[in-house]
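The chain contents come next:
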2 protein chains.
Amino acid sequence: MQMDTPGAFSFREVKALDGALGRAGEITTPHGLIQTPAFIPVGTKATVKALLPESIKELDAHAVLANAYHLYLQPGSDVVDEAGGLGKFMNWDGPTFTDSGGFQVLSLGVGFKKVIAMNEDTFRSDEVIADKKERLAHVDDDGVTFKSHLDGSMHRFTPEISMKVQHELGADIIFAFDECTTLHNTRKYQEKSLERTRKWAIRCLKEHDRLTKERNHRPYQALFGVLQGAQYEDLRRKAAKDLGGMSVDGVEFDGFGLGGALDKEKLGTIVGWLCEELPRQKPRHLLGIGEPDDLFVGVENGADTFDCVAPSRQARTSAVFTQDGRVNMTNAKFKRQFAPIDASCDCYTCAHYTAAYINHLFKSKEMLASTLATIHNERFIVRLVANMREAIIRGDFFEMKKEFMGRFYGAKI
Amino acid sequence: MQMDTPGAFSFREVKALDGALGRAGEITTPHGLIQTPAFIPVGTKATVKALLPESIKELDAHAVLANAYHLYLQPGSDVVDEAGGLGKFMNWDGPTFTDSGGFQVLSLGVGFKKVIAMNEDTFRSDEVIADKKERLAHVDDDGVTFKSHLDGSMHRFTPEISMKVQHELGADIIFAFDECTTLHNTRKYQEKSLERTRKWAIRCLKEHDRLTKERNHRPYQALFGVLQGAQYEDLRRKAAKDLGGMSVDGVEFDGFGLGGALDKEKLGTIVGWLCEELPRQKPRHLLGIGEPDDLFVGVENGADTFDCVAPSRQARTSAVFTQDGRVNMTNAKFKRQFAPIDASCDCYTCAHYTAAYINHLFKSKEMLASTLATIHNERFIVRLVANMREAIIRGDFFEMKKEFMGRFYGAKI
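Residues numbered from 1 in each chain as written. Chains lettered and ligands numbered in written order. Predicted model: local features only at pLDDT ≥ 70, side-chain atom pairs only at ≥ 80, totals over all residues.

1. Details of the overall build of chain A
Moving on, step 1. In terms of helices and strands, chain A carries 15 helices and 17 strands.
Moving on, step 2. The C-alpha radius of gyration of chain A comes to 21 Å, within 12% of the 22 Å expected for a compact globule of 413 residues.
Moving on, step 3. If you line up chain A on its principal axes, its C-alpha atoms span 60 × 50 × 45 Å.
Moving on, step 4. The buried share among the 413 residues of chain A stands at 54%.
Moving on, step 5. For chain A, restricting intrachain contacts to residue pairs at least 6 apart in sequence, the fraction spanning at least 24 positions comes to 67%. (Helix = DSSP H or I, 4+ residues; strand = E, 2+ residues; numbered from the N terminus. Rg over C-alpha atoms; globule rule 2.2 N^0.38 Å. Buried ≥ 20, exposed ≤ 12 C-beta atoms within 10 Å, placed from the backbone. Contact = placed C-beta atoms within 7 Å.)

2. Observations concerning helix α6 (residues 159-169) of chain B
Residues and elements named next belong to chain B.
Moving on, step 1. Counting buried positions over the 11 residues of α6 gives nine, a clear majority of the element.
Moving on, step 2. Turning to α6, its buried residues number three or more, namely Pro159, Ser162, Met163, Lys164, Val165, Gln166, His167, Glu168 and Leu169.
Moving on, step 3. Looking one or two residues beyond α6, the residue adopting positive phi is Gly170, at roughly 75°.

3. Considerations on the sheet that holds strand β1 (residues 10-16) of chain A
Residue and element names in this part refer to chain A.
Moving on, step 1. Within the open sheet, the three strands sit side by side as β1-β2-β3. Their pairing is antiparallel. Only two strands of the sheet have a single neighbouring strand rather than two, namely β1 and β3 (32-36). Each adjacent strand pair in this sheet contributes to an overall mean axis angle of 15°, direction not counted.
Moving on, step 2. Pairing analysis gives five bridges linking strand β2 (residues 23-29) to β3, with the strands arranged antiparallel. Each residue of the ladder has a partner; that of Thr29, found in β3, is Gly32.
Moving on, step 3. Lying over the sheet, helix α14 (residues 367-394) contacts β1, β2 and β3, oriented at roughly 120° with respect to β2. (Pairing = 2+ DSSP bridges. Axes fitted to C-alpha atoms, helices over the stretch in contact; angles between N-to-C directions.)

4. Concerning the interface of chain A and chain B
Moving on, step 1. Listed as interface residues are 31 residues of chain A and, on the opposing side, 31 residues of chain B.
Moving on, step 2. Secondary structure elements with two or more residues in the side of chain A that touches chain B: α3 (77-82), α4 (86-90), α13 (355-363) and α14 of chain A.
Moving on, step 3. Here the side of chain A that touches chain B takes five residues from α13(A), the largest share from any one element.

5. Considerations on the domain arrangement of chain A
All names here are of chain A.
Moving on, step 1. By domain assignment, chain A separates into domain 1 (10-99 + 158-308) and domain 2 (316-412).
Moving on, step 2. A straight line from the C-alpha centre of domain 1 to that of domain 2 covers 27 Å.
Moving on, step 3. At the level of elements, β1, β2, β3, β4 (38-41), α1 (53-58) and α10 (292-300) are the ones that each hand at least two residues to the side of domain 1 that touches domain 2.
Moving on, step 4. For the side of domain 1 that touches domain 2, the element with the highest residue contribution is α10, accounting for five residues.
Moving on, step 5. Considered class by class, the residues forming the side of domain 1 that touches domain 2 number 16 nonpolar, five polar and seven charged. (Domains from an automatic or database assignment. Nonpolar A, V, L, I, M, F, W, Y, C, P; charged D, E, K, R; others polar.)

6. A look at the environment of Glu366(A)
Moving on, step 1. Structurally, Glu366(A) can be placed in the loop between α13 and α14.
Moving on, step 2. For Glu366(A), a count of 21 C-beta atoms within 10 Å translates into the label buried.
Moving on, step 3. Leaving out residues up to four positions away in the same chain, Glu366(A) has contacts with Leu361(A), Lys45(B), Thr47(B) and Lys49(B).

7. So, the sheet that holds strand β10 (residues 173-175) of chain B
Residue and element names in this part refer to chain B.
Moving on, step 1. Taking strand neighbours across the sheet as the criterion, the eight strands line up as β4-β14-β13-β12-β11-β10-β6-β5 in an open arrangement whose pairing is parallel. Both outer strands of the open sheet, β4 (38-41) and β5 (64-67), are each paired with one neighbouring strand and no more. Mean inter-strand twist for the sheet, computed between neighbouring axes without regard to direction, equals 25°.
Moving on, step 2. For strand β6 (residues 96-99) and β10, the ladder comprises two bridges, and the chain directions are parallel. Residue pairing for β10: Thr98 is matched across the bridge by Ile174.

8. Considerations on the environment of Asn328(B)
Residues and elements named next belong to chain B.
Moving on, step 1. Inspection of the secondary structure puts Asn328 in strand β16 (residues 325-328).
Moving on, step 2. Overall, Asn328 belongs to the partly exposed group, with 14 C-beta atoms counted inside 10 Å.
Moving on, step 3. Considered as a pair, Asn328 and Val251 are 77 residues apart in the sequence and their alpha carbons are 49 Å apart.
Moving on, step 4. Those residues in contact with Asn328 that lie beyond four places of it in its chain are Ser318 and Ala319.

9. Some words on the pairing of strand β5 (residues 64-67) of chain A
Residues and elements named next belong to chain A.
Moving on, step 1. Here β5 shows a buried face lined by Val64 and Ala66 and a second buried face lined by Leu65 and Asn67.
Moving on, step 2. When β5 meets strand β6 (residues 96-99), the two strands line up parallel, connected through four bridges. By the bridge assignment, Asn67 is partnered in β6 with Asp99.

10. A few points about the nonpolar core
Moving on, step 1. Counting residues in each nonpolar core, the largest one holds 240 residues, and the members touching the most others are Ile358(A) and Ile358(B).
Moving on, step 2. Once you skip the residues sitting within four places of it in the chain, Ile358(B) turns out to touch Met329(B), Ile341(B), Tyr353(B), Ala369(B), Leu372(B) and Ala373(B). (Core = buried A, V, L, I, M, F, W, Y, C linked by C-beta atoms within 7 Å.)

11. Some remarks on the packing of helix α9 (residues 267-277) of chain B against helix α10 (residues 292-300) of chain B
Residue and element names in this part refer to chain B.
Moving on, step 1. α10 packs onto α9 with a crossing angle of 25° between their chain directions and a minimal axis gap of 8 Å. Judged by the inter-axis angle, α9 sits roughly parallel to α10. Judged by the twist between their axes, the crossing of α9 over α10 is right-handed. Where α9 approaches α10, its residues Leu267, Gly268 and Val271 are matched on the opposing element by Asp294, Val297, Gly298 and Glu300.
Moving on, step 2. When grouped by side-chain class, the residues that make up the contact of α9 with α10 number three nonpolar, two polar and two charged. (Parallel < 35°, antiparallel > 145°, perpendicular 65-115°, else oblique. Left-handed = near helix turned anticlockwise from the far one by under 90°.)

12. So, the confidence of the model for chain A
Residues and elements named next belong to chain A.
Moving on, step 1. When pLDDT is averaged along chain A, the result is 91, and 91% of the positions lie at 70 or above.
Moving on, step 2. In the predicted structure, residues 1-7 sits below a pLDDT of 50 and forms seven contacts with residues beyond four places in sequence or in another chain.
Moving on, step 3. In the predicted structure, residues 110-133 sits below a pLDDT of 50 and forms 46 contacts with residues beyond four places in sequence or in another chain.
Moving on, step 4. Here the prediction assigns the complex a pTM of 0.93, and the interface score ipTM is 0.93. (pLDDT = per-residue confidence, 0-100.)

13. As for the relation of the copies chain A and chain B
Moving on, step 1. Take chain A, turn it by 180°, move it 0.0 Å along the axis, and it overlays chain B with an RMSD of 0.0 Å. Put plainly, the chains are arranged around a two-fold axis. Minimal C-alpha distance to the rotation axis in chain A is attained by Met367(A), lying at 3.8 Å.
Moving on, step 2. Mapped onto chain B, 100% of the interface residues of chain A again fall at the interface, so both copies present the same surface. (Least-squares fit on C-alpha atoms with pLDDT ≥ 70 in both.)

14. Quick look at unusual backbone geometry
Moving on, step 1. Cis geometry is adopted by the peptide bond preceding Pro75(A), which originates at Gln74(A) and carries an omega value of 5°.
Moving on, step 2. Tracing the chain through its elements places Pro75(A) in the loop between α2 (68-73) and α3.
Moving on, step 3. Put simply, Thr36(B) and Pro37(B) share a cis peptide bond, and its omega is 0°.
Moving on, step 4. On the secondary structure map, Pro37(B) appears in the loop between β3 (32-36) and β4.
Moving on, step 5. Unlike most non-glycine residues, Asp249(A) shows phi in positive territory, near 50°.

15. Let's talk about the packing of helix α7 (residues 187-214) of chain A against helix α8 (residues 233-244) of chain A
The angle between the axes and the distance between the axes are what describe a pair of packed helices.
All names here are of chain A.
Moving on, step 1. One way to put it is that α7 packs onto α8 with a least axis distance of 11 Å and a crossing angle of 10°. Relative to α8, the element α7 is oriented roughly parallel. From α7, Gln190, Glu191, Leu194, Arg198 and Ala201 reach across to α8, where they touch Leu235, Lys238, Ala239, Asp242 and Leu243.
Moving on, step 2. Residue classes in the contact of α7 with α8 are distributed as five nonpolar, one polar and four charged.

16. Side note on the environment of Ala222(A)
Moving on, step 1. Checked against the element boundaries, Ala222(A) lands in strand β12 (residues 222-227).
Moving on, step 2. Those residues within four positions of Ala222(A) in sequence are excluded, and the remaining contacts are Phe9(A), Asp172(A), Ile173(A), Asp254(A) and Gly255(A).

Put into structure tokens, the structure is as follows:
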């Protein structure tokens with residue numbers, strides 16, 4: 001945190017969650033406030049898919065998260081820089097995040113979505129083997145060499161390059177470059193990788209500080225360290241202690257990203273290990289989590305902000321949230337439902353359109369189907385997490401959780 | 001025109017265009033005013049592709065035109081009726097049009113877009129032959145039998161069914177069911193077809209009147225007769241005289257649709273023939289025309305309103321309008337154009353986004369590319385026609401035309 005620029009970036013805890021690690025808080029950024037816990041919609045390529053920024057504002061999202069990897073490849077972070085930074089480029093004047101590209105260079109860089117295939121038997125120390133026949137991404141102690149998923153061209157990310165890219169993108173909150181492992185790696189590899197990520201964290205802090213001074217005419221960017229350690233308690237606690245206490249020439253992380261392989265069943269436990277070790281006065285972002293039950297568990301265990309593509313991705317495939325669970329809008333039962341998707345929803349879509357119309361748009365393969373369903377799903381999740389905040393402040397978080405979970409998941413809980 | 005419901009539908013001429021058939025005017029509908037000449041964006045399936053209704057309002061479109069054929073097949077005109085009509089269904093509170101389905105049952109009904117293949121040699125009197133091997137649409141004196149382009153199911157439209165469908169859709173302005181011929185039909189067939197369309201016009205007026213009385217709790221719908229006659233002056237003039245003077249039990253057409261095969265070179269001449277014969281106190285809609293040069297010619301020769309899918313269809317393929325002609329937004333020269341698509345444009349897109357961002361969205365295949373380009377193109381054409389209106393009122397239409405055409409088409413004119 002840059003103590004010499006008061007107000008540029010800060011976090012304050014508003015109220016602690018009784019009997020748990022969670023809290024309601026407030027992140028101040030140069031582009032405005034984020035009241036936490038908060039869900040941050042993802043705008044991978046500098047656009048929340050199918051939405052105008054006015055619609056994002058209207059669903060009361062406090063920030064948007066874009067991906068350094070994607071914007072580095074297209075249009076190029078230098079282009080975004082010349083445009084005045086991510087927010088100005090995409091006409092979003094609120095707070096912005098960018099992830100480091102660490103996850104994407106390994107997952108998308110090898111051409112497979114969400115799967116980093118690493119076989120323990122064939123695993124070789126310094127390589128991520130995406131396919132037994134062809135190695136497409138190489139991790140070494142200095143960085144990652146990867147192939148673009150767009151055109152197959154070769155690229156290299158190091159901690160320094162990730163910092164440069166994210167400074168050019170200019171988001172309010174950026175993340176340290178880390179190696180994202182999977183649950184399939186050996187314990188030995190996880191240890192080695194964690195140490196690598198720790199060293200990269202130091203390099204990120206240094207380069208971030210240098211760039212912050214070099215580009216001091218720009219609004220201050222907060223740097224979050226990313227915590228790995230897979231399913232291992234000692235490694236997770238070590239990561240949190242290492243990065244939580246890290247100071248390079250007086251420069252510390254402004255907050256933390258909780259990342260890596262997270263088994264759904266152990267999600268709360270792992271977030272808990274991390275948050276127990278982390279300094280309480282700094283914000284924590286749980287990367288890539290957006291399912292309602294996971295959000296409750298994340299909030300309960302101390303995560304302040306969340307991002308996930310799921311609400312909008314599911315919306316585009318016609319799966320929408322209701323208080324009583326997820327439904328598919330192409331279902332014939334909606335053909336004559338001349339009422340909103342969810343009567344209790346306060347979103348633009350539910351205020352102005354019937355389920356019958358949304359059903360028609362999906363059946364007709366009209367783009368507006370994605371737009372209206374995305375507005376609804378994003379609002380549903382943003383509001384759900386905002387309601388958790390209110391419940392923490394009121395003091396009835398666990399009652400609220402029980403009530404929601406019972407209705408949404410029904411007999412499944 | 002229903003003289004017993006004053007204000008429900010009317011047209012008044014505001015100013016005539018000196019030395020030509022054109023005029024500035026005003027159409028009053030139960031859902032508001034349309035200041036003419038006006039371009040009406042197309043929302044084929046009850047949505048202007050990629051746009052929220054708020055965006056359509058913001059580009060100052062005065063009305064939206066949907067297609068009876070498409071909505072009859074999906075979701076069904078009865079569903080739209082139950083929803084409270086087209087406007088309510090799609091959350092558009094302004095004036096609406098629906099076309100009769102006459103063009104679509106013959107063109108889309110046979111599974112080919114925009115081409116009704118009729119070979120003069122093989123032409124048989126009562127059939128539209130879409131393909132020599134398979135007849136998919138059959139025209140007879142009573143109506144048209146056609147195959148759905150969605151699922152191949154068989155359907156039949158008659159003048160009475162088209163009226164029923166359009167009354168269920170409930171648009172402010174609807175069109176009589178006509179047979180749309182092509183320039184490839186024989187003169188003999190054009191004569192026969194024109195007589196058929198004339199008889200259908202009588203049946204439409206009768207059925208429209210019956211439905212208007214039966215559904216008298218609904219806002220009044222204005223019925224426009226559709227004029228065919230292909231490239232033949234005598235047939236065109238006859239069509240205008242026949243339908244222009246048509247009265248069935250005191251019920252007349254409220255306006256006219258100028259339809260059918262229109263060679264670009266003869267467009268102005270044909271519109272002129274029609275408008276010379278039509279009663280001056282009723283509005284005229286030129287169906288399916290939206291190219292800038294065609295719009296000037298149409299306005300000059302007496303057309304009041306226009307619809308066309310071209311501005312939005314072109315936008316989705318990254319072709320956008322500028323004062324200096326059409327450009328393709330994927331062109332590499334836009335990568336670093338940190339200025340709007342068109343500096344003289346007042347649309348939402350040009351006010352808030354650079355050409356560089358639009359280029360990035362198209363390169364990234366993001367839906368927002370279509371949304372922003374559609375807003376721009378629709379606004380460009382809506383504004384162009386609104387500017388023609390202002391020029392007619394000011395008295396400098398031909399100067400304005402010359403200036404625009406010189407810039408937009410350059411050396412091509």
